[in-house]
Amino acid sequence: IKATLTPGETLVSGGWLSPSGKRLLVFVTPQLIDAAGNPLPETANAKQLAMISKFIELPEDLLDQMNLGAFKVDGKESSMQQKISAQEATDLLQAFKKSEGVDLLTTPKVTSLLGRQAHVSVSDRTVIEGQEQNLGPAVDFLTKLSADGKSLDVVLVTQIKFAATNQTTSP
């Protein structure tokens, strides 16, 4: 997935069907930070960032209730994406927390220099059919300052590998 985000925006992606019959979404928020890890309000002088990821499993009917019905995708791949503001992300996450049947799977965060590829995952190592496998969500990303100097160009590859079906989903 490729997107251009302004500081504070969140990219929502996914919509895969999980083995439990729920839908999986990933929220990714790049946050520009200074050398000490303090958030920066704008891109000026930014050299590094923190990527904050939230993997959410929720009942399918909740997607419609939250105006995210377009994220109902079939198959193992999804190119669905939507940019939302910091306030919209906060409101959605609060609504999810108050809703029955919603699970926040992980919230990994990784710090990287702008323009460098990074990887974050939360995985369990298990043996399936005699082979060791890493199961769980992972995100690879590359983020750089866009040509306008005020926003970020983000490239994401998200994968979630399930134990029950030994299948991988990705956008």
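Worth saying up front: this structure is predicted, and the values here are computed from it rather than measured.

Quick notes on the rules
- Residues numbered from 1 in each chain as written.
- Predicted model: local features only at pLDDT ≥ 70, side-chain atom pairs only at ≥ 80, totals over all residues.
- Heavy atoms only, no water.
- Salt bridge = Lys/Arg side-chain N within 4 Å of Asp/Glu carboxyl O.
- Helix = DSSP H or I, 4+ residues; strand = E, 2+ residues; numbered from the N terminus.
- Buried < 20%, exposed > 50% of the residue type's maximum accessible area, 1.4 Å probe, protein only.
- Phe/Tyr/Trp six-rings, centres within 6.5 Å; stacked < 30°, edge-to-face > 60°.
- Expected span 1.5 Å × (residues − 1).
- Arc of directions from axis to C-beta.
- Contact = heavy atoms within 4.5 Å.
- Core = buried A, V, L, I, M, F, W, Y, C linked by side-chain atoms within 4.5 Å.
- 1 Å grid on protein atoms, 1.4 Å probe; cavity = no way out; pocket = protein on both sides within 12 Å on 5 of 7 lines; lining within 4 Å.
- Points joined across faces, edges and corners; volume = space filled by probe spheres on them.
- Nonpolar A, V, L, I, M, F, W, Y, C, P; charged D, E, K, R; others polar.
- Pairing = 2+ DSSP bridges.
- pLDDT = per-residue confidence, 0-100.

## Observations regarding the pattern of salt bridges
In total, this model carries 4 salt bridges according to the counting rule given. Salt-bridge contacts for Glu60 lead to Arg23; the nearest nitrogen and oxygen are separated by 3.2 Å. Residue Glu60 is found in helix α1 (residues 60–65), and its partner Arg23 is found in strand β3 (residues 23–33); the two are separated by 37 residues along the sequence. Its relative accessible area of 30% is what places Glu60 among the partly exposed residues.

## A word on the packing of aromatic side chains
By the definition in use, this model includes 1 aromatic pair. Taken together, a centroid distance of 6.1 Å and an interplanar angle of 80 degrees make the contact between Phe27 and Phe96 edge-to-face. Linking Phe27 in strand β3 with Phe96 in helix α2 (residues 86–98), this pair joins segments that are 69 residues apart in sequence. Judged on exposure class, the residue Phe27 and its partner Phe96 are both buried.

## Topic: α2
A rise of 1.5 Å per residue sets the reference length of α2, with its 13 residues, at 18 Å; its end C-alpha atoms lie 19 Å apart and thus fit the reference within 8%. Listed in full, the buried residues belonging to α2 are Ala89, Leu92, Leu93 and Phe96. An end-on view of α2 places all buried positions within 95 degrees of arc, on one side of the element. Facing away from the buried side of α2 by over 90 degrees, the exposed positions are Gln87 and Lys98. Looking at the buried positions of α2, the neighbouring elements they touch are β2 (10–17), β3, β4 (48–58), α1 and β5 (81–84).

## Structural notes on the nonpolar core
Side chains of a nonpolar character, in soluble globular proteins, are inclined to be buried together. One finds Met51 and Leu156 to be the most contacted residues of the largest nonpolar core, which totals 25 residues. Of all the secondary-structure elements, those providing two or more residues to this core are β1 (2–5), β2, β3, β4, β8 (117–121), β10 (131–145) and β11 (152–161). Discounting residues that sit within four places of it in the chain, Met51 has contacts with Val28, Thr29, Pro30, Pro108, Lys109, Val110, Phe141, Thr143, Val154 and Leu156. The next biggest cluster of nonpolar side chains, apart from the first, holds 16 residues, and it includes Val12, Met66, Ile84 and Leu93.

## Describing the layout of surface pockets
Counted as a void, the second largest pocket has a volume near 220 Å³. In this structure, the second largest pocket is lined by 16 residues; those nearest its centre are Gly8, Thr10, Thr29, Ile52 and Ala86. Every element with two or more residues in the lining of the second largest pocket is listed here: β3, β4 and α2. It is β3 that contributes the most residues to the lining of the second largest pocket, 5 residues altogether. Of the residues assigned to the lining of the second largest pocket, the class counts are 10 nonpolar, 5 polar and 1 charged.

## Focus: the pairing of strand β9 (residues 124–128)
Pairing of β9 with β10, which is carried by 5 bridges, proceeds in the antiparallel orientation. The residue bridging Thr126 from the neighbouring strand is Gln133, located in β10.

## Some details on the confidence of the model for the chain
Low pLDDT marks stretches whose predicted atomic positions should not be read closely. The predicted model of the chain averages 85 in pLDDT, with 95% of residues at 70 or higher. Within the model, pLDDT remains below 50 along residues 165–170, and this stretch shows 23 contacts once partners closer than five positions in the same chain are excluded.

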